[in-house]
Amino acid sequence: GAMPFGAATAQDYPDRTVTMVVPFSAGGPTDTVARLIAESMSRSLGQQVIVENVGGAGGTRGAGQVAKATPDGYTVLLHHIGMATAPTLYRKLPYNVLNDFEEVGLVTDVPMTMIAKADLEPTDAAALLAFVKDKKDAVIYGNAGVGSASHLCGMLFMSAVGAQMTTVPYQGTGPAMNDLIGGQIDLMCDQTTNTTGQIKAGKVKAYGVTTKQRLKSLPDLPTFEEGGLPGFEIAVWHGIYAPKGTPKPAIDKLNAALVAALQDPKVIARFADLGTEPVALDRATPEVHRQFLEAEVKKWKPVIQEAGVFAD
Ligand code: MLT
């Protein structure tokens, strides 16, 4: 049978490629964070950490695949706030978020921006609110499926405005962005890790950012606080997970490589360009990640139940 993860194996780990599953399409915000972190972790671990995109069902398909993977340290998941919202949004999930994973550590909190196709009429957030209230399901909203951050932001936005738009789900907001730029869809709330470049290039119109203060990377973009939706704040936190039962020596090595990546000047600089930053190192332990995940599952349950949006 397989060699037990004894002292020898622990010392050798990792002795082959580690797969990092991203539960959304390539080219989106989650993929962007993952590839930056994976590249840095590869250097620390001395083995390739390769990203595998497994899209579908708002991130729950990829998460389910990792929950069922061999707990040997060679498969990990990089996911975001959707780990905390899916248990309430989906009555049937292919995993139990608090029983089927080992937390490795938190990565970064990414702001969201409400963006539109370049020629959408409204010129600012207040006008956008009135526009959606008036047009309702004539407005086409793109997201990455129920359970995605773009879904969560849209759900909160529609609750605040009191109108339901028509939603088009994609395997990730990478492909959704292509349709937004092409004018096939009207509106999308997506993370700055995917939208900063397009906003600066004028390919999309931006209405607001979901942070208290404006971003240094997008100084001309008002916050929703300023623009007519006070308190409309969302930070898309990201974390790394391994299947339950992954040996502690492997978790510790993965965490050490993550902590090194969070201090990697290349990661820090790229995150800054994209409107975000690594989590503070005292938040980057498996224990803090676990506590935070439990708190977030509790926090979002009533919010989602109040909005009354369920996937199944
Ligand atoms: C999401 O909307 O949850 C993700 O950002 C989508 C993606 O990463 O493609």
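Description of the structure in this document. If you're wondering where the values come from, they're calculated on a predicted model, not measured in any experiment.

Digging into the state of the cysteines
- For the coordinates displayed, the defined rule picks out 1 disulfide.
- Shown here is the disulfide that connects cysteine 153 with cysteine 189, its sulfur atoms set 2.0 Å apart. Sign of the S-S torsion, about 75 degrees for the bond between cysteine 153 and cysteine 189, identifies this disulfide as right-handed. Of this pair, cysteine 153 sits in helix H6 (residues 149-161) while cysteine 189 sits in strand S7 (residues 187-191), placing them 36 residues apart in sequence.
- With relative accessibility at 0%, the residue cysteine 153 sits in the buried group.

Considering the site of the ligand
- Around the ligand sit Phe24, Gly28, Pro29, Thr30, His80, Ala144, Ser148, Ala149, Ser150, Gly172, Thr173 and Gln191, and that is every residue in its neighbourhood.
- For the ligand, an oxygen atom lies 2.6 Å from a polar atom in the side chain of serine 150.
- Contact distances for the ligand include 2.7 Å between an oxygen atom and a side-chain N or O atom of glutamine 191.
- Here the ligand has 270 Å² of accessible area as a free molecule, and 100% of this is covered by the chains.
- A molecule is said to occupy a pocket when more than half its atoms come within 2 Å of that pocket's grid points, and by this definition the ligand occupies the largest cavity.

What counts, and at which threshold
- Residues numbered from 1 in each chain as written.
- Predicted model: local features only at pLDDT ≥ 70, side-chain atom pairs only at ≥ 80, totals over all residues.
- Heavy atoms only, no water.
- Disulfide = S-S within 2.5 Å.
- Helix = DSSP H or I, 4+ residues; strand = E, 2+ residues; numbered from the N terminus.
- Buried < 20%, exposed > 50% of the residue type's maximum accessible area, 1.4 Å probe, protein only.
- Near = heavy atom within 4 Å.
- Polar contact = N/O pair within 3.5 Å; in protein donor to acceptor, adjacent residues only side chain to side chain.
- Areas by Shrake-Rupley, 256 points an atom, 1.4 Å probe, with all protein chains shown as cover.
- 1 Å grid on protein atoms, 1.4 Å probe; cavity = no way out; pocket = protein on both sides within 12 Å on 5 of 7 lines; lining within 4 Å.
- Sits in = over half its atoms within 2 Å of the grid points.

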